[in-house]
Every structure is written in C-alpha cells, then in structure tokens.
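Observations on the three-dimensional arrangement
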Amino acid sequence: MLAPLPTALDEFLDWSWTELAPYYAELNERPLTAANVEQWLRDWSDVSRRVAEMRERRYVATTVNTADAAASRRYRQFFDEIFPASEAAEQRLKAKLLASGLQPEGLAVPLRNLRAEAELFREANLPLLSEEKKLGNEFDKLIGAQTVQWEGEELTIAQLTARLNTPDRAARERLWRAARARQLADRAALNEIWQRFLKLRCQIAANADKANYRDYAWQARLRSDYTPEDCYEFHAAIEAVVVPAVERLLERRRRQLGLDRLRPWDLSDGWWGRPVDAPGLAPLRPFTTPADLTARTAAVFHRVHPQLGAYFDEMAANGLLDLDNRKHKAPGGYCTSFDYRRQPFIFTNAVGLHEDVQTMLHEGGHAFHVFETRGLPYYPQLTVGLEFAEVASMAMELLAAPYLAAQPDGFYSERDAARARLEHLENLLLFWPFMAVVDGFQHWAYLNLPAALDPAQCDAQWTALWQRFIRGVDWSGLDDELATGWQRKPHIFDSPFYYVEYGLAQLGAVQVWRTALTDPAGAVAAYRRALALGGTAPLPELFAAAGARFAFDAHTLGTAVRLIETTLEALEAQVASAADGNR
C-alpha cells in the first residue's frame, strides 16, 4: 500500500520521477466507477497540485535571479526528467476518465478541455515542449542581463526607461538612444533564439498532425469559444474605432507639450506608452520602496473589499511578493500560483512609477482569482481561459482606481489621483492598437513559413503592422529601432498567441467598470462570484457572470471607447481645476 502523499513542501519539492511514479500508477490501476469517481478525482488532484507546485517554484527561482546557476539547473532538470514522464502519466489519467463516460458535477467544461488536450497529446512532443521551456529561460537570461552604464551607474533597461519622464527633451533622447543601442546589441542573438523557437514549434505542430502552429496553439490554449477569424474582426474593430480615438488623444497631448511632432522619446515608456507629462508637472512618484508599495497597495485593496485586502495581507505575510527591480532579475511582471499551497505569488520590477502601481493592482486581480477558487475540489477546474483570467486583473485596476487617493495611506493627493487615472485610461486606449500589432504579427509568423524564419521579413512585417495601427508618433530616421520592436515583446518569444486575451479581457473589464460607476458594491460582488467559478463555465458565461459581454465587434468596442473618452474629459477638467486652485 502506498504511503500517504507528503504534506510538507520540503518533503516533495525535490522529488524525482521515481518517487512520483507510484502515485500515478495507482490512480491508473484503480477501477473507476460512479461511486468512487469523486474520490479518484480528488486523489488525482492531490498529485497534480504537487507536481505543479514543484514546476512553478523552480520557475520562480530562475526569474528572481537569472544568474542563479543552481536554480537554472533544477528548472532544466524538472523539464528533462519529471515533465515528460508526468505529462505522459497525466495523459493516461485523462484518457481513463474520458473513457469512463462519467461526468461529475462541475466538470462539463474541464472535460471539454481534457478532450482537447487528449486529442493534441503526442509523446514525441514531450521532449520538444521541455526544450521550449528551457529556451524561454535562455531568452529571459539574455534580456535580464541587458544593462547600461549611465552617469556612473549600471542601470537595467527598466531603470533607464523610468528616467524618461523628465521635462528635458534632449536628456530624454539620450536616455532613449542608450536603451535602444543596448537592445540592438542583442539583435543577432535574439534573431537566433527566435529561429530556434519557430523551428521547434513547427515540429511540435507537425507531430500533432496540425497544418500549422497556430492551429496547434489554438487547441493547446483551449480556445473553444472563438476562432482566429474573430481575432481578425477584433483587429478591424480596433482600426475603426480605437485608432482614431488614439490619434485624437495624441494630438491633444502634443499640443499640451508644445511640440511640432511626437517622437518615441516623448513617450513615457519610449515605445508606445502615453506621452510624458507636460512641463511643470512633476512625474508621479507614488511610493519609495517595495515595502511602501506593499503597504499602500494593501490599503487600496482593503477599500475595494475587506476580503480582498485580507488576501493581499496573507501574501505579504508569507513572502509571496518579489517587487523590486534589480540586475539579474527577469523582465516584466507576473502572478503565478503555488497550487499545492493554493497561494499566488506576485513578481514585478517596480522602480517607483505609477505603472508599478497599475502592475500591482493588475497582478493582485490574478492573485484574487487564485484565492477565490480555493474551494473548487478538482485540479482541472482551475484551468480558466486567459481571456477571462485577464478580466480578473484588468477589472481590478479599474475597481481600485477610486481609492488611489484615500488618506492617510493612499498613493496620491486628489489631484495626482486624477492624473493617475488619466494615465491609466490613456494607456487603455493606447493598448488596443498595440495588442493588434502583437497579435497580428503572430498570426502572420505562424502562417508564413519559411518567411518568418528570415529576421528581415519579420522586421518588415512588424513595421507594416505598426504603420497600420500606430499613428501619431514620428519614427523617421529610426528604422532599425522600429523594425526590431517585436524583439522587445517577451510574449512573442515565450508565450505565442498569448496576447489577444489582454485585448478581449480589457473590453470585458471596461464593462465591469461601467457597472461599478453606479453600483460599486454590486460590481465587486459580481466580480468575485465570477472569479469563484474558476474554469467551470465557458467564456461567454464567465463574462456574463461578471456583468460583461464576450465580444469582438466595433459596436461593443465603440461603447467602451466612448466611456473612456468621456471620463478622460472629466478627469482633465478636474486636474485643470485643481491646478488653477493651487495658483
């Protein structure tokens, strides 16, 4: 008889496949009946949760310190030794459940997902999927090592970019060019990694009998509720209703800055963020240290809802936050889950900007999703379409916005809170066209081989998409910097086809916010109920539970854009009135 699974983390985190294999074998050998299926699912979930936590803890260790050779070895070891065997064992258990014809309550959508995964599974792909993960780690290490010597300091690209919001335009240009020069120095290396990714993914798709990698990725991402053609409709809607709104926004900001044209170094992120602040406005500096960021974020979440605040307090108390930017830390931000402990972990690269506050609110929404699904008994119920998982994060940014100025422990004065909300809403508008570029690039890349293996053709396609969706900023004389923009988007390398979710989720989040403008308590209650469903309902039902519509069309998008533009006008008037009152 098997010993019970260990309960302490340090008892199983370093297990080998030899120690895991008997538990999978017993589940596979156990007769499966209507009488025991629920216990069988719980036992399977107990094993799966432990394996998932082993994987995620090893991944996190490689991102918090990309120079940690031991962490990198342990991560690679997982994908070399445990991942292939555990995936094969998981596949056998999926097949066993599907063959039984049993459908316990709450498993209709999870079973649909299991069927899709079972159909796609090929044992020959297991080492290739492992290699793909390890290649992503190689990409992270390359980006994590990008630093620039600036005025006697060694700065990461993120730290350099944080200095762009200065009124000295000449200084902005020098900063911008220094950052881009450092990134261009890795152009050839990134091209080579991209080619390896592409060849690997084409082989994975071919092994699974798919005509192209997009077809593979669609099924692997369990997209049963929409099609690639829906994405093209969404791109067209963005071009029709968002691009003109962004042009209006940028023209207004250009006049406020007193410039004859906007250049990339006039944008707060040096790429496609909102323009820098007008002269006379000090940059928003909402916090000083990671501890300060943590405390103020906790105060905001407590005001959105006491239970959400309690969730965040649990994270802070249990070392589940890594927030500061430093050398040898992977780029970006994420929230992952430690599925055995049923706890989330938030990783960011905070440097003292309002964008860092938005990241905390965003990742906090993901964290709340983990907490709200703690009551679901079966591991397959935790698989949520990312299109809705991102509603959890993006809606939280908007639901928390009214509390940024709460005193004494909020982030801002009333005037600066209005400025922060302006910045956020401007970025919402700016995001949709950029999302269309990233998503469009990936559709092109995986449907146009061998052209996409040629970095020059990738550069040309990125430039063409940029010129279609991104207007209002002059990139003349910066052809290489513009053309290699695809190299600066990590999703294109390590999360293919994971980007349209953000655009669809943002549309859902704006609808949740629209309800909150007249019924904040009701909107938060619906949000929490929807999160608690986990992956037990299809996307349209999850959106509906949160008070939104899952949509791609220009009408729904146009309604959201009009709300954003109207609110921007009101906030601009509020900021102007506060400025007049301070004179």
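Scroll up a little and you will see the structure.
Residues numbered from 1 in each chain as written. Predicted model: local features only at pLDDT ≥ 70, side-chain atom pairs only at ≥ 80, totals over all residues. Heavy atoms only, no water.

**As for the sheet that holds strand β4 (residues 334-338)**
Pairing is mixed in the open sheet, where three strands are placed in the order β3-β5-β4. Across the chains shown, the open sheet's two edge strands, defined by having one partner strand only, are β3 (321-324) and β4. Across this sheet, the average inter-strand angle for adjacent strands is 15 degrees, counted without regard to direction. Contacting β3, β4 and β5 (343-350), helix α3 (residues 37-64) runs over the sheet at an angle of about 145 degrees to β4. Strand contacts of helix α13 (residues 306-317): β3 and β5, with the helix running at about 75 degrees to β5, the strand carrying the most contacts. (Pairing = 2+ DSSP bridges. Helix = DSSP H or I, 4+ residues; strand = E, 2+ residues; numbered from the N terminus. Axes fitted to C-alpha atoms, helices over the stretch in contact; angles between N-to-C directions. Contact = heavy atoms within 4.5 Å.)

**Things to note about the pattern of salt bridges**
Tallying each qualifying case throughout the model produces 48 salt bridges. Residue Asp 480 pairs with Arg 187 through a salt bridge whose shortest N-O separation is 3.6 Å. With Asp 480 in helix α18 (residues 479-483) and Arg 187 in helix α9 (residues 187-207), this pair connects stretches of sequence that are 293 residues apart. Since its relative accessible area comes to 41%, Asp 480 is described here as partly exposed. Between Arg 296 and Asp 292 there is a salt bridge whose closest N-O contact spans 2.7 Å. You can see Arg 296 and its partner Asp 292 sitting in helix α12 (residues 290-304), four residues apart, about one turn around the helix. Classification of Arg 296 by relative accessible area gives partly exposed; the value is 23%. (Salt bridge = Lys/Arg side-chain N within 4 Å of Asp/Glu carboxyl O. Buried < 20%, exposed > 50% of the residue type's maximum accessible area, 1.4 Å probe, protein only.)

**Points about empty space enclosed by the protein**
Applying the stated criterion across every chain yields a total of two cavities of 30 Å³ or more. Counted as a void, the second largest cavity has a volume near 30 Å³. Around the second largest cavity, the lining residues are Leu 398, Ala 401, Arg 421, His 424, Leu 425 and Trp 513. At three residues, helix α16 (residues 414-447) tops the list of elements feeding residues into the lining of the second largest cavity. (1 Å grid on protein atoms, 1.4 Å probe; cavity = no way out; pocket = protein on both sides within 12 Å on 5 of 7 lines; lining within 4 Å. Points joined across faces, edges and corners; volume = space filled by probe spheres on them.)

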